[in-house]
Amino acid sequence: VSGDLLDKAYNDGLNGIMVKEDRMWKDAADKAVGMVNPITYINGTLTPMYLSQLRTAVTDWSLPCSTVIISNDYWNDINGSANWATMLDPITQHDLVLHGQIATLQGMTIITDGYRAPNLQVLGQGEIYAIADAKYHASYSTRGGIRSTPTSGANDGDTSKGWLMHETFSFVLGNLRSVAKGMRI
């Protein structure tokens, strides 16, 4: 077995742990929906008005809203709509066409997991989240980060090799006002 295969297994393990962390955040954010900020239902395409409603749900609590996380299907709405064309300056429009990314919109950084491999994606179709600055939103801790130990099947009488990876991780979404969710219907 080549060494590249073990490197790939190690990187796959790291990606798996990071996706699990992302899923923990998403689960907490989904549970927060409706407790303070109601869900915003998006009928049809995503428009700047819907994005503004999500942002306002967070900023109405005097929290700075710095990030929006969108599912991959919203890129079609942004790319193909005249509503977005008037909001985006020509340089940003050009950058969107070339790279599929927008740095900021309405003062929020736009993030998507749509460019990840399918097994690393966390958001479902039609999901969008507006989130306050990290210091007002949630907190996590790790105790020493991800630990990995190379393993082999030598003690069991086989020739297998791999990695045993683990992380002690805690997470709390302490401010329910700091997240708003939208869902396409």
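Everything numeric in this text was worked out from a predicted model, so none of it was measured.

Visitor: How would you summarise the overall build of the protein chain if you had to cite specific residues and measurements?
Guide: If you tally the helices and strands in the protein chain, you get six helices and ten strands. Projected onto its principal axes, the C-alpha coordinates of the protein chain cover approximately 65 × 40 × 30 Å. Relative to its 185 residues, the protein chain shows a buried fraction of 36%. Intrachain contacts of the protein chain at a sequence separation of at least 6 include 77% that bridge at least 24 residues. Entry remark: accessible area of the protein chain is about 10,700 Å², with carbon and sulfur atoms responsible for 53%. Across the protein chain, the 14 positively charged side chains and the 18 negatively charged ones have centroids separated by 7 Å.

Visitor: Break down the sheet that holds strand β2 (residues 65–70) for me, with residues and values.
Guide: An order of β1-β10-β5-β2-β4-β3 is seen for the six strands of this open sheet, with the pairing classed as mixed. Edge positions in the sheet fall to β1 (40–42) and β3 (104–105), since each has one partner strand and no second. Pairing analysis gives five bridges linking β2 to strand β5 (residues 127–132), with the strands arranged antiparallel. Within the sheet, the bridge partner assigned to isoleucine 69 lies in β5 and is tyrosine 129.

Visitor: Explain the confidence of the model for the protein chain to me, using residue names and the numbers behind them.
Guide: Scored by pLDDT, the protein chain has a mean of 84; 90% of the residues are at 70 or more. When the elements of the protein chain are averaged for pLDDT, helix α5 (residues 90–99) gives the smallest value, 63, and strand β10 (residues 179–184) the largest, 97.

Visitor: Which residues make up the pattern of salt bridges, and what values do they have?
Guide: Evaluated as defined, the whole model comprises seven salt bridges. With a closest N to O distance of 3.1 Å, lysine 181 and aspartate 30 form a salt bridge. Taken together, the residues lysine 181 in strand β10 and aspartate 30 in helix α1 (residues 3–32) connect sequence positions 151 residues apart. Classification of lysine 181 by relative accessible area gives buried; the value is 9%. Taking the relative accessible area as the measure of exposure, aspartate 30 reaches 26% and is therefore partly exposed. In this structure, aspartate 73 and arginine 184 form a salt bridge, with 3.4 Å as the shortest nitrogen-oxygen distance.

Visitor: So what about the nonpolar core? Which residues, and what values?
Guide: One finds Leu46, Leu51, Val58, Val68, Ile70 and Ile128 to be the most contacted residues of the largest nonpolar core, which totals 22 residues. Those elements that place two or more of their residues in this core are α2 (48–59), β2, α3 (74–80), β4 (108–112) and β5. No other element matches α2, which puts five residues into this core. Trp25, Ala29, Ala32 and Ile131 belong to the second-largest nonpolar core, a separate cluster that totals nine residues.

Visitor: How would you explain the environment of methionine 183 if you had to name every residue and give the values?
Guide: Within the secondary structure, methionine 183 is located in strand β10. Taking the C-alpha atoms as reference points, methionine 183 and serine 71, 112 residues apart in sequence, are found 10.0 Å from one another. Excluding anything up to four places from it in sequence, methionine 183 contacts Ile39, Thr40, Tyr41, Ile42, Tyr74, Gln125, Gly126 and Glu127.

Conventions used here
Residues numbered from 1 in each chain as written. Predicted model: local features only at pLDDT ≥ 70, side-chain atom pairs only at ≥ 80, totals over all residues. Heavy atoms only, no water. Helix = DSSP H or I, 4+ residues; strand = E, 2+ residues; numbered from the N terminus. Buried < 20%, exposed > 50% of the residue type's maximum accessible area, 1.4 Å probe, protein only. Contact = heavy atoms within 4.5 Å. Areas by Shrake-Rupley, 256 points an atom, 1.4 Å probe, with all protein chains shown as cover. Lys, Arg positive; Asp, Glu negative; His and termini not counted. Charge placed at Lys NZ, Arg CZ, Asp CG, Glu CD. Pairing = 2+ DSSP bridges. pLDDT = per-residue confidence, 0-100. Salt bridge = Lys/Arg side-chain N within 4 Å of Asp/Glu carboxyl O. Core = buried A, V, L, I, M, F, W, Y, C linked by side-chain atoms within 4.5 Å.

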